[in-house]
Amino acid sequence: MSVGPLVVEVLLTFVVAAVVLYRYSNWYRHHLVVTVSVLVAWYFSMLIVFILPLDVSNTIYENCLQDYEEKSASALLPSGGDGGGADNNTLMAMAADLTMEGVVGNSTFFNITNITTTTEPPPTVGCLKPWSFVPAGVFPVFWRVVYWTSQFLTWLILPLMQSYTKAGDFTFGTKLRSAVIDNAIYYGSYLLIVGILLLYIAFSDMGLDGAKLRAIAASASNTWGLFWLVLLLGYGLVEVPRSIWHSASTLHTLNHSYFHAAKLSQERAESSERVSDLLQSMRALGGSIGPGHPLRPHMDVIESKVPTELLDRVRRHPPPDSPHADVPSEKALVRLHKQLLKALQSQRRVETQWGLLVEKVVSLEDTHRNSLSHDSTFKHSTPPHRHHLLSYIYTPTIEWVWRCRVRGYLLRAMAVFFALVSVVVVWSELTFFSTSPTISLFAVFVNLAKANYDYFTIEVISSLSMAYIALCAYSTLFKIRVLNLYYLAPHHQTDEYSLIFSGMMLCRLTPPMCLNFLSLIHMDSHVITVRTEETHYTQIMGHMDVIRIVSDGFNIYFPMMIVALCLATYYSLGSRLLSALGFQQFMSDDDLTTDLIEEGKTLINRESRRRQRMEDNAARRKDFAERFGGGESSANMYRSARQRAEELVRPLRREDSSESAQLELLGGSQSITDYSSHTTTTSSMDDPEAGRDAGRLGGYSQYSRARTHRPDKGLFDDV
């Protein structure tokens, strides 16, 4: 056998890590060092999850060889006396040589009756070599590189990079100094804990050497990671199946999207107001810093981070005369720079999420409307943009069958399966310490496959189990939002600070998660008091054997807290607590949630109509350009313009009278003026040129257009 499976999994894991990182990060905007560091952190964490099953199968094979050697040695010993000791040693060496040469590995039954007749023949044993066998010496080097590199990143490099990215200083040295100061308290707390542990070991007369120091460092990191793993896993084991079940219901997903739209709209307003305030502060400081001022290069750096349309808007207005404006100083500019970077990132993220949410809601509304229709053909409210070949294959009938019929049943079946796997995980966490009898289901499955030397089944069970546990833990980590400081947003909208934090957490969560899984399948002898050969991964990481209260108490009994956390998640105790504290959560039995759903529905409908009007205007401008733009004579253009003017003053028909009367009645009302100004403001945010043109025309031009042109469909729906 060769290392082919190992190499294939290493390459596939790199592709998975790169694709996931590409979804969340912005490779063109973020610094290359940050992108590479986070990629290495994510990649090495996922490597541990996907490569550990290979280590498990190879360890089982090595245990089989070791057991066979012991049985062969015991069979070769004479029945009594001390004679023949040298011959016995020779025979044992011969048996070991034959074993290492592959006689046993090729399922050849080894019988030594032809060698000596003074002993009983050993039992016939066959040890099949796994299909993914890795030569000796590969795994120790591999695990040393992966594990200690990830630990070095999560405890030393990434915290400094995290503080460096959010620093508002203007030079490398000052940014690095700010990062070290920010991490001084962070590292000081860890040094205090390490000092207490060292004093405990010194007074306990346990002895202290380099190996024990490495074991203490690794075990302290694993204990810290196990604490967070239990918290995240207790939420994910319930929320992952439940979210898949709810996603099968189009109506539930639609209401949740309306709820999210109401909250996101408020966040949009707050982020826009925050950016406006910071731009005014920048303008106030910039008015005091002339071209020859020593701080002018710092102000140029700040202005370079602001988008051009926002910077032009600020420069058109005179600097405000505020008595509370900051005095021009380097500290004031550093503070402004730091706050402005955070505010601009938040605004970009919110605007992108708003656009994607509107498209998602429109798609959900189409699905809900078509599912209630008796026509088995999917009809879109807006024409979808697809390739011609895809439209030919993915016909409206096939789309209706998939989105309105098949997809829901498939998601519910998947949710039921994941729920059963979650029950198996919780049961195994409660019973993994019991070895006689073995009632941990993961250990039972692995032992059955081990008895038949079915290494492929062992690897499949281990890979799928660890992948599901990692999915529950990682998905919870990706959903966590600590105010606006840490938030992983898809579609390339995650900032550098949040990406680095996620890399730190993955490096800390993955090692204890893998050790916990080895305990579930009874392959960790330091937790399961049964003699067994350790995996190469465990041998490199070590155990927390120095401090008994952790090895015999915390590592065994704390995972049982998953049951309490799963029950709290199932009954939504955390959401109810956050809602009581003022952080509104989506709860079906709450009146405030219903109000936010209705508010979100109104906002989405208004945004959809605004986009429809913009598309209609763009289509009319395109049609006008095609009719009067290319190669048309001046006489024809003048004649066409005169004909359009005559059509505007044509006598009203009966069907036009009521609409024109309504327009005349509403034209002078204050509500129409407010609506027109709101529409102009909203459009100017999306199109700066349109906003400037509207500002030059003024209110009279808007009123004149309303009097002379027929209104667009749905123009007064919001009045």
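Procedures and definitions
Residues numbered from 1 in each chain as written. Predicted model: local features only at pLDDT ≥ 70, side-chain atom pairs only at ≥ 80, totals over all residues. Heavy atoms only, no water. Helix = DSSP H or I, 4+ residues; strand = E, 2+ residues; numbered from the N terminus. Buried < 20%, exposed > 50% of the residue type's maximum accessible area, 1.4 Å probe, protein only. Contact = heavy atoms within 4.5 Å. Areas by Shrake-Rupley, 256 points an atom, 1.4 Å probe, with all protein chains shown as cover. Expected span 1.5 Å × (residues − 1). Phe/Tyr/Trp six-rings, centres within 6.5 Å; stacked < 30°, edge-to-face > 60°. Core = buried A, V, L, I, M, F, W, Y, C linked by side-chain atoms within 4.5 Å. Patch = residues over 30% accessible without salt bridge, like charges linked within 9 Å, V, L, I, M, F, W, Y side chains within 5 Å. Salt bridge = Lys/Arg side-chain N within 4 Å of Asp/Glu carboxyl O. Axes fitted to C-alpha atoms, helices over the stretch in contact; angles between N-to-C directions. Parallel < 35°, antiparallel > 145°, perpendicular 65-115°, else oblique. Nonpolar A, V, L, I, M, F, W, Y, C, P; charged D, E, K, R; others polar. Lys, Arg positive; Asp, Glu negative; His and termini not counted. Charge placed at Lys NZ, Arg CZ, Asp CG, Glu CD. Left-handed = near helix turned anticlockwise from the far one by under 90°. pLDDT = per-residue confidence, 0-100. Polar contact = N/O pair within 3.5 Å; in protein donor to acceptor, adjacent residues only side chain to side chain.

Asker: Any chance you could explain the overall build of the chain here in plain terms?
Answerer: Within the chain, the regular secondary structure consists of 24 helices and 2 strands. When the 719 residues of the chain are sorted by exposure, 40% land in the buried category. Restricting the contact set of the chain to residue pairs at least 6 apart, pairs at least 24 apart contribute 76%. As presented, the chain carries roughly 39,400 Å² of accessible surface, and 62% of it is formed by carbon and sulfur atoms.

Asker: Help me out: how do you make sense of helix H20 (residues 591–628) in this one?
Answerer: Since the α-helix packs 3.6 residues into each turn, any two residues three or four apart lie on the same face. Over its 38 residues, H20 extends 56 Å from the first C-alpha to the last, a length consistent with the 56 Å expected when each residue adds 1.5 Å. Looking only at H20, the buried set comprises Thr593, Leu596, Ile597, Gly600, Leu603, Ile604, Glu607, Arg610, Arg613 and Phe628.

Asker: It is not clear to me how the packing of aromatic side chains should be interpreted in this structure. Could you clarify?
Answerer: A ring pair, where both rings are aromatic, is described by two values, the distance of the centres and the angle of the planes. Under the counting rule described, the total for this entry stands at 20 aromatic pairs. Between Tyr22 and Trp27, the ring centres sit 5.4 Å apart and the planes meet at 80°, which makes this aromatic pair edge-to-face. Overall, Trp27 belongs to the partly exposed group, its relative accessible area being 39%. With a centroid separation of 5.7 Å and an interplanar angle of 45°, the aromatic rings of Tyr43 and Phe44 are classed as tilted. Take Tyr43 and Phe44: they sit in the same class, and that class is buried.

Asker: Would you take a moment to explain the environment of Thr538 for this structure?
Answerer: Residue placement: Thr538 occurs in helix H16 (residues 536–541). Each C-alpha atom of the pair Thr538 and Leu515 lies 7.5 Å from the other, and the pair is 23 residues apart in sequence.

Asker: Just checking my understanding: could you explain the nonpolar core for this structure?
Answerer: When a protein is soluble and globular, its nonpolar side chains tend to lie buried together. Judged by nonpolar contacts, the single largest core of 93 residues is most densely connected at Ile51, Trp143 and Leu237. Here the element with the most residues in this core is helix H2 (residues 32–76); it accounts for 19 residues. Excluding anything up to four places from it in sequence, Trp143 contacts Ile48, Ile51, Leu52, Asp55, Trp148, His536, Tyr537 and Ile540. Residues Leu333, Leu340, Ala343 and Leu344 belong to the second largest nonpolar core, which totals 20 residues.

Asker: How should I be thinking about a nonpolar patch on the surface in this particular structure?
Answerer: A surface patch of nonpolar side chains, about 400 Å² in accessible area, is lined by Val401, Trp402, Val406, Leu410 and Met414. Relative to the helices and strands, Val401 resides in helix H12 (residues 396–431).

Asker: Whenever I open this one, the packing of helix H10 (residues 330–371) against H20 confuses me. Can you help?
Answerer: When two helices pack together, their arrangement is given by the angle between the helix axes and by the axis-to-axis distance. Close contact between H10 and H20 brings their axes to 10 Å; oriented N to C, the two are set at 100°. Taken together, H10 and H20 sit at an angle that is classed as roughly perpendicular. In contact with Trp354, Gly355, Val358, Glu359, Val361, Val362 and Glu365 of H10, H20 contributes Leu603, Ile604, Asn605, Glu607, Ser608 and Arg611. Across the contact of H10 with H20, the residue classes break down as 6 nonpolar, 3 polar and 4 charged.

Asker: Even after reading the chapter, I still don't get unusual backbone geometry, so can you show me in this structure?
Answerer: Phi at His492 takes a positive value of approximately 65°, unusual for a residue other than glycine. Within the secondary structure, His492 is located in the loop between strand S2 (486–487) and helix H15 (496–520). For Ser572, which is not glycine, the phi torsion reads 55° and is therefore positive. By relative accessible area, Ser572 is classed as partly exposed at 22%.

Asker: How should I be thinking about a negative patch on the surface in this particular structure?
Answerer: Residues Asp591, Asp595, Glu598 and Glu599 make up a contiguous surface patch of negative charge. Following the sequence through the fold, Asp595 ends up in helix H20.

Asker: Looking at this structure, I do not really get the packing of helix H4 (residues 138–166) against H15. What am I missing?
Answerer: As a packed pair, H4 and H15 sit with axes 9 Å apart at the nearest point and diverge in direction by 160°. Taken together, the axes of H4 and H15 are roughly antiparallel relative to one another. Crossing angle aside, the handedness with which H4 passes H15 is left-handed. Counted together, Tyr147, Ser150, Gln151, Thr154, Trp155, Leu158, Pro159, Met161, Gln162, Thr165 and Lys166 of H4 and Glu496, Tyr497, Ile500, Phe501, Gly503, Met504, Cys507, Arg508 and Pro511 of H15 form the full contact between these two elements. Looking at the contact of H4 with H15 residue by residue, the class counts come to 11 nonpolar, 6 polar and 3 charged.

Asker: Please clarify how the confidence of the model for the chain should be interpreted in this entry.
Answerer: The predicted coordinates should not be examined in detail at positions where pLDDT is low. Summing up the model confidence of the chain, the mean pLDDT is 75 and the portion of residues at 70 or higher is 72%. Note that pLDDT drops below 50 for residues 631–719; the model gives that stretch 54 contacts with residues more than four away or on any other chain.

Asker: Teacher, can you tell me more about the environment of Asp169 here?
Answerer: Tracing the sequence through the fold places Asp169 in the loop between H4 and helix H5 (172–203). Leaving out residues up to four positions away in the same chain, Asp169 has contacts with Thr174, Lys175, Ser178, Val334 and His337.

Asker: Can you help me understand the pattern of salt bridges in this one?
Answerer: Pairing of side chains with opposite charge becomes possible as their charged atoms draw close. Following the criterion strictly, the structure yields 11 salt bridges and no others. A salt bridge links Arg268 to Glu351, with the shortest nitrogen-to-oxygen separation between them at 3.3 Å. Taken together, the residues span a long stretch of sequence, with Arg268 in helix H7 (residues 250–288) and Glu351 in helix H10 at a distance of 83 residues. A relative accessible area of 18% places Arg268 in the buried class.

Asker: Help me understand the environment of Val358, please; the structure alone is not making it clear to me.
Answerer: When you line up the elements, Val358 lands in helix H10. Remark: the alpha-carbon pair of Val358 and Ser608, spanning 250 residues in sequence, is separated by 7.5 Å. Beyond its immediate chain neighbours, meaning those up to four positions away, Val358 contacts Ile604, Glu607, Ser608 and Arg611.

Asker: Before we go on, may I ask you to explain a positive patch on the surface in this structure?
Answerer: Taken together, the side chains of Lys166, Arg274, Lys338 and Lys342 present a region of like positive charge at the surface. Judged by relative accessible area, which is 40%, Lys338 ranks as partly exposed.

Asker: What is the right way to read the side chain of Asp169 from this model?
Answerer: No salt bridge is formed by the buried Asp169, whose closest oppositely charged neighbour, Arg177, lies at an N-O distance of 5.0 Å. A polar side-chain atom of Asp169 sits 2.8 Å from a polar atom in the side chain of Ser178.

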